[in-house]
Amino acid sequence: MTFVVVESCIKCKYMDCVEVCPVDCFYEGPNMLVIHPDECIDCALCEPECPVDAILSEDDLSEEEQIFLELNTELAEIWPNITEMKEAPADAKDWEGKPGKLELLER
């Protein structure tokens, strides 16, 4: 099992999760983070750290969210690994809780 970053992260990209990950399995894209499923050790430390609840256990994904397991797997292979927390985007608060952000994902 792995943890998965879902739509809530898009355009918010808070990085509190990066600080607590013991295996550095987060990867950074232009406007979202992803978790490499082969590196995640299912420790669950990242899940409560996300202020927008954008990290879910693979087992807790809804049918609509299943695409994010595929996206995390695909994008973790091409995006750079991130091991230190950075500032969230200046407009992150404006994007919190907004639906329909998948179309805004920048690869």
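It should be noted that the structure appears before, not after, this text.
Read on for an overview of the structure. Predicted model only: the values in this text are computed from it and were never measured.

**So, the overall build of the protein chain**
- Each helix and strand in the protein chain was counted, giving three helices and four strands.
- If you list the helices and strands of the protein chain from N to C, you get β-α-β-β-β-α-α.
- The C-alpha radius of gyration of the protein chain comes to 12 Å, within 12% of the 13 Å expected for a compact globule of 107 residues.
- When its C-alpha atoms are laid out on the principal axes, the protein chain stretches across 30 × 30 × 25 Å.
- Considering the protein chain as a whole, with its 107 residues, one finds that 43% of them fall into the buried category.
- Within the protein chain, counting contacts between residues at least 6 apart in sequence, those at least 24 apart form 75% of the total.
- Entry remark: accessible area of the protein chain is about 5700 Å², with carbon and sulfur atoms responsible for 47%.

**Concerning the side chain of Asn31**
- Structurally, Asn31 can be placed in the loop between strand E2 (26-28) and strand E3 (33-35).
- From its side chain, Asn31 meets the backbone oxygen of Leu104 in a polar contact 2.8 Å long.
- Within polar-contact distance, the side chain of Asn31 engages the backbone nitrogen of Glu106 at 3.1 Å.
- Leaving out residues up to four positions away in the same chain, Asn31 has contacts with Cys9, Ile10, Lys11, Lys13, Leu104, Leu105 and Glu106.

**Notes on the environment of Ile10**
- Looking at where Ile10 falls in the secondary structure, it is placed in the loop between strand E1 (3-5) and helix H1 (16-20).
- Taking the C-alpha atoms as reference points, Ile10 and Asp42, 32 residues apart in sequence, are found 22 Å from one another.

**Quick look at the packing of aromatic side chains**
- Considering all chains together, one arrives at zero aromatic pairs under this definition.
- The ring of Trp95 carries the charged tip of Lys98 above its face, separated from the ring centre by 5.7 Å.

**Structural notes on the nonpolar core**
- Formed by 36 residues in total, the largest nonpolar core has its most connected members in Phe26, Met32, Leu33, Ile35 and Ile55.
- When residues of this core are traced back to their parent elements, those giving at least two are E1, H1, E2, E3, strand E4 (55-57) and helix H2 (66-76).
- Counting residues per element, this core draws most heavily on H2, which supplies five residues.
- Not counting residues up to four positions away in its chain, the partners in contact with Leu33 are Val5, Cys9, Lys13, Tyr14, Met15, Cys17, Val18, Phe26, Tyr27, Glu28 and Ile82.

**Observations regarding the state of the cysteines**
- Using the criterion set out here, one finds zero disulfides in the structure.
- There is no disulfide at Cys40, and the cysteine sulfur nearest it, in Cys25, is 4.7 Å away.
- Judged by its relative accessible area of 13%, Cys40 falls in the buried class.
- Here Cys50 stays free of any disulfide, with the sulfur of Cys17 as its closest cysteine sulfur at 6.3 Å.
- For Cys50, a relative accessible area of 10% puts it in the buried group.

Calculation criteria
- Residues numbered from 1 in each chain as written.
- Predicted model: local features only at pLDDT ≥ 70, side-chain atom pairs only at ≥ 80, totals over all residues.
- Heavy atoms only, no water.
- Helix = DSSP H or I, 4+ residues; strand = E, 2+ residues; numbered from the N terminus.
- Rg over C-alpha atoms; globule rule 2.2 N^0.38 Å.
- Buried < 20%, exposed > 50% of the residue type's maximum accessible area, 1.4 Å probe, protein only.
- Contact = heavy atoms within 4.5 Å.
- Areas by Shrake-Rupley, 256 points an atom, 1.4 Å probe, with all protein chains shown as cover.
- Polar contact = N/O pair within 3.5 Å; in protein donor to acceptor, adjacent residues only side chain to side chain.
- Phe/Tyr/Trp six-rings, centres within 6.5 Å; stacked < 30°, edge-to-face > 60°.
- Lys NZ or Arg CZ within 6 Å of the ring centre and 35° of its normal.
- Core = buried A, V, L, I, M, F, W, Y, C linked by side-chain atoms within 4.5 Å.
- Disulfide = S-S within 2.5 Å.

Limitation: the analysis is restricted to geometry and does not speak to function.
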